[in-house]
Amino acid sequence: MAYNASNISVLEGLEPVRQRPGMYVGSTSVKGLNHLLYEILDNSVDEHLAGCCDKITVSLNKDGSATVTDNGRGIPVDLHEKGWPAERVIMTTLHAGGKFDNTNYKTAGGLHGVGSSVVNALSQRMIIEVSRDGKIHYDEYERGNPVVDIKEGELLPVTGTTRATGTKVTFWPDPTIFETVTFKADAIRSRLKETAYLNPTLTITFTNARDGKKPEVFSEPEGIAGYVDSLASSNPEIKRITETVAISGCRDGITVNIAFCFMQTFGDQIVSFCNNINTMEGGNHVNGFKAGFAKVINQYARDLGNLKPKDAGFTGNDTRNGMIAVISVSHPAPRFEGQTKTKLDNTDVQNVITAVMNTSLQHYFDRNLETLKKIIARAELSVKTRKEEEKIRTNLGDKKFAFEGNGKLARQESSDPSKCEIFIVEGNSAGGTAKTGRDRRYQAILPIRGKILNVEKQTVDRILVNEEIKAIVAALGCGFMQGYGNDFDISKLKYSKIIIAADADVDGGHISALLLTFFFKFMPELIYAGNVYRAMPPLYRVKPKRGKMEYIYDDKALADYRKTHGNNFDIQRYKGLGEMDAEQLWETTMNPATRKLKQISIDDVVDATNITSILMGETVAPRRQYIEENADKANVDV
Ligand code: 28F
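Draft legend 1. Fine view of the side chain of Asp139. Its location among the elements puts Asp139 in strand 4 (residues 135–142). Among the polar contacts listed, one links the side chain of Asp139 to the side chain of Arg88, at a separation of 2.9 Å. Asp139 has contacts with Glu87, Arg88, Met126, Ile127, Ile128, Val148 and Leu156, leaving out every residue within four places of it along the chain.

Here it is as structure tokens:
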């Protein structure tokens, strides 16, 4: 079709997206691919937030496309002042800057539809069907270019009549842009579940045509209280202390919903959102909640006599010992800051939170004294444990809270961090082979006793704090948590790459998940700075009758290999790194020229280990649990 002048100007609008997709969807990996779906989903959620939609369906289709439908009002199709249908303008005009280039256009309601033009540009094909005014209006695009032939001033073609209203978008991601066009269904499921918790009157139905299972319905009328309950029941080893408390409030157009409960463990787990966006780096809503909660608990503790006038008050941490909380804020004009644009920067949200604390929370405690007393008792326990820590630190004298190694580290020769790598290898056998196979000029090996992490049902922290963590922290040389004269300082890191080399099996996955959660919880800067990697050892070694031996790294690659080699080749499945000899380990997993490494990003950690185990149960502050149980021994080696 001949594009006239007005099309050209609109067309140019999308060109930057295809030139630099990473600016708009973060990456062209499966994460960026899933992000396309989330952009479309967000538009339907915005229609829900506008109070006009209560059903959304998401389906991954057999032909690789994805379809999202909502029963909202339907994208407007009347002519826009540019002379084109509003839907066409929305789908072909690039709105305020890219999501990932510091200008954040995501808000609740009103601005919806802004992400769909990005999806359009990055899809080899996209079909829009709008049910509105009794008709189904149809539009279609290829790589952002309209293929439905209408002239300026004309309306979209109508392909049917309907009494329903809503929007249906089907898109085929562009394989020339994305490394893969296979959506990651699990990540989508957890996103839909999270969206359902944050929107209690919304029902989301998910169909994955590829797995032939029946549709899954995500509907969480309990809202974030249900979210807290699901987090609380995710670690069966940890018992619940209180029921789930739900409080809320609204002021100056800002709505705050908070739910929390207390568990028999240390540390807190606070998951926070603003306008359905996971504010992973926290922000003023989280800070406001922490400060407000501590103030209320201290006030009650004094009123009830738990704290004498001369006593110091509870610290914020004391009052949140074992807390699980979900904070969901809706804000008309949010500002996201931080390294990954997931920190809420608005200050006006603080006084709304304080108001909620001083009314809704106090009303609850006044009517549920038992719950309040349990929380105060947790705070008192925390103070007692802290005093034990003080005692231990003083009898440690001024000796730094040193993490001495356990003698298992095979150091490299160079002392230039920018060149050095450390392999944290699971299992002593693989550790030995790695020491032999490595390039000792730059590569250090630290074997960790993989199996011990899976030993019966001990909580991880008590195990890790004794052996593995001390050895890892000592080897990295950049300190640990704040406090104990050993503060984390990334500038002291001795390695540019920290490579977790674990088996590709379930145990290996568990080990690397635990190490990732440890790094994420106690040394997140290592992940933000991109220092953490996971070695991706091959799963198979294949040798055709005639032809050279090859390494196969995943089942998809094996399927492809079978397509070209039929079945006439020998195959060896690697169950663990320990099965390789030094030469193979070097070739497949350590040689920078041939190995495969996966650089760990923050969402890998979230995906891989499910936010729950990161901040809860398995990786609570290791020292506290250990000291709490061993405080009576004189020379506790913390
Ligand atoms: C499957 C994806 O995109 N749903 C959408 C609407 C509804 C309206 C709308 C969208 C430009 C910026 C106003 C309808 N009637 N699902 C979707 N549903 N966009 S996207 O308006 C976009 C205009 O805001 C809508 C009255 N007001 C708004």
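Back to the write-up after that little detour.
Draft legend 2. Main features of unusual backbone geometry. Even without being glycine, Asp133 reaches a positive phi, approximately 55°. Residue position: Asp133 is located in the loop between strand 3 (123–132) and strand 4. You will see that Arg143, though not glycine, has its phi angle at about 50°, which is positive. By the secondary structure assignment, Arg143 is in the loop between strand 4 and strand 5 (145–146).

Draft legend 3. Main features of the sheet that holds strand 20 (residues 532–535). Ordered by their spatial adjacency, five strands build an open sheet running 18-17-19-20-24, and the pairing between neighbours is mixed. Pairing within the sheet leaves two strands with one partner each, and these edge strands are strand 18 (443–448) and strand 24 (597–599). Here the average twist between neighbouring strands, direction ignored, is 25°. By the bridge criterion, three bridges tie strand 20 to strand 24 in an arrangement that is antiparallel. Directly across from Tyr533, in strand 24, lies its bridge partner Gln599. Lying on the sheet, helix 15 (residues 468–476) is in contact with strand 17 (421–426), strand 18 and strand 19 (497–501); it crosses strand 18 at an angle near 170°.

Draft legend 4. How the structure looks around the pattern of salt bridges. Under the criterion given, the structure shown has 25 salt bridges. In this structure, Asp268 engages Arg320 in a salt bridge whose closest nitrogen and oxygen atoms are separated by 2.7 Å. You can see Asp268 sitting in the loop between strand 11 (254–262) and strand 12 (269–274) and its partner Arg320 sitting in the loop between helix 9 (316–319) and strand 14 (323–330), a full 52 residues away along the chain. For Arg441, the salt bridge is made with Asp439, and the minimal N-O distance between the two is 2.8 Å. Classification of Arg441 by relative accessible area gives partly exposed; the value is 45%.

Draft legend 5. Quick peek at the nonpolar core. Counting 50 residues, the largest nonpolar core has Leu37, Ile56, Val58 and Phe171 as its most contacted members. A total of seven residues in this core trace back to one element, the largest contributor, which is helix 3 (residues 30–49). Beyond its immediate chain neighbours, meaning those up to four positions away, Phe171 contacts Leu36, Leu37, Ile40, Ser65, Ala66, Val119, Ser123, Arg125, Met126 and Phe183.

Draft legend 6. A look at helix 15. Most of helix 15 sits out of view: eight of its nine residues are buried. Along helix 15, the residues classified as buried are Glu468, Ile469, Lys470, Ala471, Ile472, Val473, Ala475 and Leu476.

Draft legend 7. Local environment of the environment of Arg251. By the secondary structure assignment, Arg251 is in strand 10 (residues 245–251). Judged by relative accessible area, which is 40%, Arg251 ranks as partly exposed. Along the backbone, Arg251 and Asp348 are 97 residues apart, and their C-alpha atoms lie at a distance of 9.9 Å. If sequence neighbours within four positions are ignored, Arg251 has contacts with Asn351, Val352 and Ala355.

Draft legend 8. The packing of helix 6 (residues 185–198) against helix 7 (residues 223–232), seen in detail. Interhelical geometry of helix 6 versus helix 7 gives an angle of 130° and a closest axis separation of 6 Å. By the angle between their directions, the pair helix 6 and helix 7 is classed as oblique. For the pair helix 6 and helix 7, contact is made by Glu194, Tyr197 and Leu198 and by Gly223, Ile224, Gly226, Tyr227 and Ser230, respectively. Residues belonging to the contact of helix 6 with helix 7 are distributed by class as follows: four nonpolar, three polar and one charged.

About the criteria used
Residues numbered from 1 in each chain as written. Predicted model: local features only at pLDDT ≥ 70, side-chain atom pairs only at ≥ 80, totals over all residues. Heavy atoms only, no water. Helix = DSSP H or I, 4+ residues; strand = E, 2+ residues; numbered from the N terminus. Polar contact = N/O pair within 3.5 Å; in protein donor to acceptor, adjacent residues only side chain to side chain. Contact = heavy atoms within 4.5 Å. Pairing = 2+ DSSP bridges. Axes fitted to C-alpha atoms, helices over the stretch in contact; angles between N-to-C directions. Salt bridge = Lys/Arg side-chain N within 4 Å of Asp/Glu carboxyl O. Buried < 20%, exposed > 50% of the residue type's maximum accessible area, 1.4 Å probe, protein only. Core = buried A, V, L, I, M, F, W, Y, C linked by side-chain atoms within 4.5 Å. Parallel < 35°, antiparallel > 145°, perpendicular 65-115°, else oblique. Nonpolar A, V, L, I, M, F, W, Y, C, P; charged D, E, K, R; others polar.

Nothing here speaks to function; it is geometry throughout.
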